[in-house]
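So you can see what is in the structure, the chains are spelled out below.
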Amino acid sequence: MCFVNEMDYGTPASKSDKSVTLSIDGKDVTVPEGTSIMRAARMAGIEVPKLCANDMVKAFGSCRLCLVEIEGRGGTPASCTTPVAEGIKVSTRTDRVQAIRRGIMELYMSDHPADCPACAAGDCEMVAMAETVGLKEIRFGREGANHIWPAHDGVANPHFMEPDLSNPYFAYDASQCIVCSLCVRACEEQQGTFALAVEGRGFESRISAGMHEPFLESECVSCGACVQACPTGALREKSVIEMGMPEWSTVTTCAYCGVGCSFKAEMKGEEVVRMVPWKEGKANRGHSCVKGRFAYGYATHKDRILNPMIREKITDPWREVTWEEAFAHVAKEFRRIQYQYGRGAIGGITSSRCTNEETYLVQKLVRQGFGNNNVDTCARVCHSPTGYGLKTTFGTSAGTQDFDSVDHAGVVMIIGANPTDAHPVFASRLKKRLREGAKLIVIDPRRIELVRTPHVEATYHLPLRPGTNAAILNALAHVVVAEGLVDEAFIRERCEWDEFQDWAEFVMQPENSPEAVEKFSGVPAETIRGAARLYATGGNGAIYYGLGVTEHSQGSTTVMAIANLAMATGNIGRPGVGVNPLRGQNNVQGSCDMGSFPHELPGYRHISEDATRAIYEAMWGVKLDDEPGLRIPNMLDAAVEGSFKGLYIQGEDILQSDPNTKHVAAGLAAMECVVVHDLFLNETANYAHVFLPGSTFLEKDGTFTNAERRINRVRKVMEPKNGYADWEVTQRLAQAMGLDWNYQHPSEIMAEIAATTPSFAGVSFELLEREGSVQWPCNENAPTGTPVMHVNGFVRGTGKFIRTAYIATDEKTGPRFPLLLTTGRILSQYNVGAQTRRTENVVWHDEDLLEIHPFDAENRGIRQGDWVKLASRAGETTLRAHITDRVAPGVVYTTFHHPDTQANVVTTEYSDWATNCPEYKVTAVQVTPSNGPTEWQRDYDEHSRRSRRIVHVEAAE
Amino acid sequence: MGGPLGAYFPRALFDTPFDYEAFAAKDGLIGHAGIVVFDDTVDMLKQARFAMEFCAVESCGKCTPCRIGSTRGVEVLDRLANGIEPARQIEIVEDLCETMKFGSLCALGGFTPYPVMSALTHFPEDFRPQPVRQAAE
C-alpha cells in the first residue's frame, strides 16, 4: 500500500524562460527568473520551514518562519516573498534565523491547544514544525490571552469562538487557527469566490466566512480548497475527524462532470477517508468542487442495489436472483425477442458515466452480439450537435483546446453555459484568467453568476430570448464581416476562400444584421456590435459553450455558426483560442468516441465505410450491418409501434433525463425486456424487467475522457460491492449470449480500442501510467497526445464555412403558453441527481425551484416560495417559485435534479434537425398558482413506490 | 526620540549627533524626529509595557511576531512587574525582542523592541523586582 505524496514547492512556479543561478547553503541552483528563494531551495532539496505558503497560491510572507540571510544584504528576508537573483549566496540555517524560528514557534504554540487532536492525528503541522525548529519549551505558558479555552477560571474567554460545524463536509475550529490566511488566499486565488476573510486585526484576527456567518450560510461553495490549504486542524474534513487519517491512496478521476478532475482517493482499508485534488492533474491543477471533493457518499448509500433482480411484469415486485440466473434470463429473452420480432427488435444504450472500456463493450455487444446498430447514448440528448457541427466544419467531433489554454485567452465568449454551477473547476480557472484582465462576453438568457461575481464582470451580456442563438451568432458574424474584422490571411491559408465568400455574402444579408436580430432576440443591436468587435479584436478569442447551444431545434446550426465565427476571426489552432464544448458528464466525450452512436464505429467512422467495418469484422468474426441503427427517440417510437421490444441500458436514466417523460414511459412500457444496469433503482428501472447492479468509479479500473479529449485513468480502490465491475457484467452477459469474450482486465479492452481506432492508436495503460494522461489523437504523429487541435491546418483538410440560416423553433409562445421555459443545473447537484441526492449535498438544494421574473410573478399573483403549476402542451408539474431578476421577463427557468419535480414531463418532443438532440432549452409554458403536486406527480409517486418493491431471497440454510 | 517606537536615551547619550547613522549606532532612531522628555519620576518598566501595548493595539495581525508577540510582551512585562521569576521574564523579553525585531514583516513589530530594549538597557533599575526597588528608595 502506498501513499501518493506530492511535493510542495512553497510558491507557484515562475513562467519565465530566463534562468538565474544562485547558491543556497553552498549548493549552486539554477532556476527560472522570478522563482522565490523558497522554491529554489526546495528544488535543490533544501526544505525551509514554512506555515503560510504553498505552491498553489501567491506568497504572503506572514508566518515569518522561512526567513533566510543573504550575503551582503541586511536583515532576514522571507524566502517565500524574495525572488532569486543572479549570484546571491543564501543561508537558510544560520544561528540567527534558527533563533527567530524558535521564537516564532514559541509564540505560535502559546496560542495552540496542548492537546490538539489534529496534531495527535498527524493532520496538523504545528507540533512537527515546533520539533523541526528545535523548540523545547513554551516559556509564555498558555495562561495568557488565547483562543483555546471557552472560559478561564469561570470567566468567559472573549477570544474564543465555538467550532463551526454547519458545513456537512468540514469543520472550522478557530481555536486551532494560526491566521496564516492560506484558506483566504485559496478561496480567492484558486476558487475565486472570495467567501473568506481575516476578521478583526492584531491578536483578535480570526478567519471568518461571509459576514461573520456560519460557513453554510455564507457565500462559501464548499470547494474544499481552504480545507486542503489549512496547515493546522482548524479546517478539517469531518470524515477525517471521524475515521482518522488515511493509510493509503491512489490517483483516480472524478466521475461527475466533463472537467474530469484528478483526485487522490485517500483510503483506510476499503473505505474512502477523503478525496483530495491531485496537483499534477492536468484538467484541474489541484482544484476541486463540492461534488468531486465531498459528494462520494452515494457509493456506499443504503439505496444501492447489490443483487440482480428479475420480474415478469413491471407491476410485480422485484425478485432477487443469482447473477447466473439473471444473465441466462436476459440472453434467453433477447434471443426470443429477436426470433419473434426480428434482429432489430433489441438494442442497447451506453453510459456516459461508465468507462471508455465499458462503453466500448456495450456497443460491441450490440454490433457483434445483437447483430444490429441499435446503440445510442445519452450524448444524444446533450452534445450530439457538437459532434455533428464540429465534425462538419473542422473535421473532429470534439473541443479544440486543453483547459490550460484559457490561461492565454484575451477574450472569452461563454454561450449557453453556466460554468460556475455545471463546470465549477473550469470556472475557477476561467475566473482567474478574467481577474488577470481577460475580457468576457456572456450569451445567455439568464444572468448567470459569471455576468457579475466578485472581481469578475462581463463586458457584454447578451440576454437573448431562448431559441435565438443561431440568429445572434449570425448577427455577430455580420458585424465581423461588415466592419472588416475577418482574418483574411488565416482564411486564405486554411479554409476554402470560395466557401468563405459564400458565407460572408449570407451573413451580410439584411435579416442577419444586428438591427434585424434585435427585434426577435431582444438583444440591443449596439450590444451585439460591441460584443462582435470585442471578440474579433481583443486578442486571443476563445469560445466555450454548453447545452444552451446544443439542446435546441437548431443546435447543430448554432455549433456550426460558432465554428464559422471562430474561423472567420482566425481563432483556431493555437493556445488561448478555440471552440470548446463544456461537456456535461464525466465520460460523455469518451462514450461518443467509443462508437456509441448508431451510425458510427469508434473514432467517429461512419458505419457505411467498408474499410472500417472490415477492421471490426475481421476482429469480431461477424458481418456488420452497414446501415445506421435506431437512435433513442426512434427506439421509443418503434416500441410504441410494436417493433422494438428489448433494451439493455447501462448507467442512464432515460425516463428522467429524456424529454417528454410520458412518451418515454409509454415506449418503455411497450417493451418486453428492459434491462437496467445501474447503481440504484432509478426512474427508468420502474419500467424494467431485469435489474443488474452496477459498480461505482471507485470499484473499477478503466479510463474516462473529459471535455478536452483527455484520457484519464480511473483506478479501483475497493472491490465492487455488487460483485462485478460494469465491464465484467457486460462481458458475462455477452458470454451468456454466446460470444467468446475473455477480457481479464480493462487494459486489454483499451488494447483492442487502440488496435482498431487510429485516433487512439498510441493509447495504452502503460502510456497513461507514464504520462498521467493524454489527449487524443494519440498515435504515431502525436505520441503523447494533442493538447491543441488544428494547429497547422484543419483535420478535415480545410475549414468549412457553412450557411447557418436562422429558423425559429416551432415551439412558440401564445395565449395559452405565454412564457418560455429553459432548464439548467445547480452547483451542488449533478444531472438527474441519482448520486448527489444521496449525499449531504441536499443541504444546498433539496428541491427544484422555478425561477420567474418579479414582473411575471406579480401578474400571476405568485409570491416567493409559492407552489406553482408549470404547464406546457406536453404535460404539467408543480414546484415552488423563486422570484428573481436573473431571468428576463417572459422567461422561466428550472433545474431537473429531482425526480418528484419531473421537469421533463413538461418538455416537448421537438429536437435538433440533424441529430435529434431534444429542445430542452425552449418550451412554451404557463405558470399559475397551485395548491400542491399534480395528479401525474401523485400517480407517478405511487407507481414508483409500487414498482420498487423487492422480495428478498431466503438466506440459504 | 522619534515617536512611540523610538528608543529612550539616558542623559549619557544626550550628546549623540542628530544623524541617522549616529543614532543607529546607539540603537536608536530618528523616526519622526519628535522629542519627548521624561523626568526621573517615570517608571521605565511601564514605558516598556506601553510600547508593547501600543504595538498590540496597532498590530494589523498579518505576521506572527507582531500579532502574538506584542500581546505576549505585555503579559511578560506584567509578570515582571508582579515580581514573578524576574530574571526569567527579562530573558524572555530579550528573546522576544530579537524575534520581533528581525522576524516582523513591517516596522511596527520590528521597531517595538527599540523602546523596550532601550528602557531595559539604560534604566535596568526600573526592571528590578518591586521589593528591591522599594528598598532602594
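Residues numbered from 1 in each chain as written. Chains lettered and ligands numbered in written order. Predicted model: local features only at pLDDT ≥ 70, side-chain atom pairs only at ≥ 80, totals over all residues. Heavy atoms only, no water.

When its secondary structure is counted, chain A shows 30 helices and 39 strands. Taking all 957 residues of chain A together, 65% fall into the buried category. For chain A, contacts bridging at least 24 residues in sequence account for 73% of all contacts bridging at least 6. For chain A, the computed accessible surface area is about 33,300 Å², with 50% contributed by carbon and sulfur atoms. Considering chain A, the positive charge centre built from 96 side chains and the negative charge centre built from 121 side chains are found 2 Å apart. (Helix = DSSP H or I, 4+ residues; strand = E, 2+ residues; numbered from the N terminus. Buried < 20%, exposed > 50% of the residue type's maximum accessible area, 1.4 Å probe, protein only. Contact = heavy atoms within 4.5 Å. Areas by Shrake-Rupley, 256 points an atom, 1.4 Å probe, with all protein chains shown as cover. Lys, Arg positive; Asp, Glu negative; His and termini not counted. Charge placed at Lys NZ, Arg CZ, Asp CG, Glu CD.)

Take the pattern of salt bridges next. With the rule as written, the count across this model stands at 58 salt bridges over all chains. The salt bridge partner of Asp726 of chain A is Lys700 of chain A, with a shortest N-O separation of 2.7 Å. Of this pair, Asp726 of chain A sits in helix H26 (residues 726–736) while Lys700 of chain A sits in the loop between strand S29 (690–693) and strand S30 (702–705), and the two are 26 residues apart along the sequence. Grouping residues by exposure puts Asp726 of chain A and Lys700 of chain A together as buried. The salt bridge involving Glu75 of chain B is made with Arg72 of chain B; its shortest N-O contact spans 3.0 Å. Here the residue Glu75 of chain B and the residue Arg72 of chain B both occupy positions in helix H4 (residues 69–81), the gap between them amounting to three residues, near one helical turn. What emerges from the salt-bridge pattern is a single network uniting Glu106 and Arg139 of chain A together with Glu91 and Asp95 of chain B. (Salt bridge = Lys/Arg side-chain N within 4 Å of Asp/Glu carboxyl O.)

This next bit is on the domain arrangement of chain A. Often, the extent of an interface is quoted as the loss of accessible area on bringing the components together. All names here are of chain A. Segmenting chain A into domains produces domain 1 (19–132), domain 2 (151–300), domain 3 (322–380 + 587–775), domain 4 (384–579) and domain 5 (819–946). The gap between the C-alpha centroids of domain 3 and domain 4 is 34 Å. Taken together, the contact between domain 3 and domain 4 spans eleven residues of the former and nine residues of the latter. Here domain 3 and domain 4 share an interface that buries about 790 Å² over both sides, 45% of which is from carbon and sulfur atoms. In this assembly, domain 3 and domain 4 are joined by zero salt bridges. (Domains from an automatic or database assignment. Buried area = accessible area lost by both parts, 1.4 Å probe.)

As a further point, take the packing of aromatic side chains. For any pair of aromatic rings, the description rests on two quantities: the centre-to-centre distance and the angle between the ring planes. Residues and elements named next belong to chain A. All chains considered together, the criterion is met by 31 aromatic pairs over all chains. Ring geometry for Phe426 and Tyr544: centres 4.6 Å apart, planes at 40 degrees, overall tilted. Here Phe426, found in helix H13 (residues 424–435), pairs with Tyr544, found in strand S23 (residues 541–545); they are 118 residues apart in sequence, far enough to count as distant. Classification of Phe426 as buried rests on a relative accessible area of 1%. A residue is classified by how much of its surface remains accessible, and Tyr544, at 1% relative accessible area, is buried. Ring geometry for Tyr604 and Trp776: centres 6.2 Å apart, planes at 40 degrees, overall tilted. Remark: Trp776 occurs in the loop between strand S32 (773–775) and strand S33 (819–824) and Tyr604 occurs in the loop between strand S25 (600–601) and strand S26 (605–606); sequence separation between them is 172 residues. When sorted by exposure, Tyr604 lands in the same class as Trp776, which is buried. (Phe/Tyr/Trp six-rings, centres within 6.5 Å; stacked < 30°, edge-to-face > 60°.)

Once that is clear, we can look at the sheet that holds strand S2 (residues 27–32) of chain A. Judged by pairing direction, the sheet is mixed, and its four strands sit side by side in the order S2-S1-S4-S3 (chain A) without closing on themselves. Here the strands that pair on one side only, and so sit at the sheet edges, are S2 and strand S3 (69–70) of chain A. (Pairing = 2+ DSSP bridges.)

On to the pairing of strand S18 (residues 411–415) of chain A. For a regular strand, the rule is simple: side chains alternate between the two faces of the sheet. All names here are of chain A. Where burial is concerned, most of S18 is hidden: five out of the five residues are buried. Of the two faces of S18, both are covered, the one formed by Val411, Met413 and Ile415 as well as the one formed by Val412 and Ile414. Here S18 pairs with S23 via five bridges, running parallel. Across the sheet, residue Ile415 finds its bridge partner in S23, namely Tyr545.

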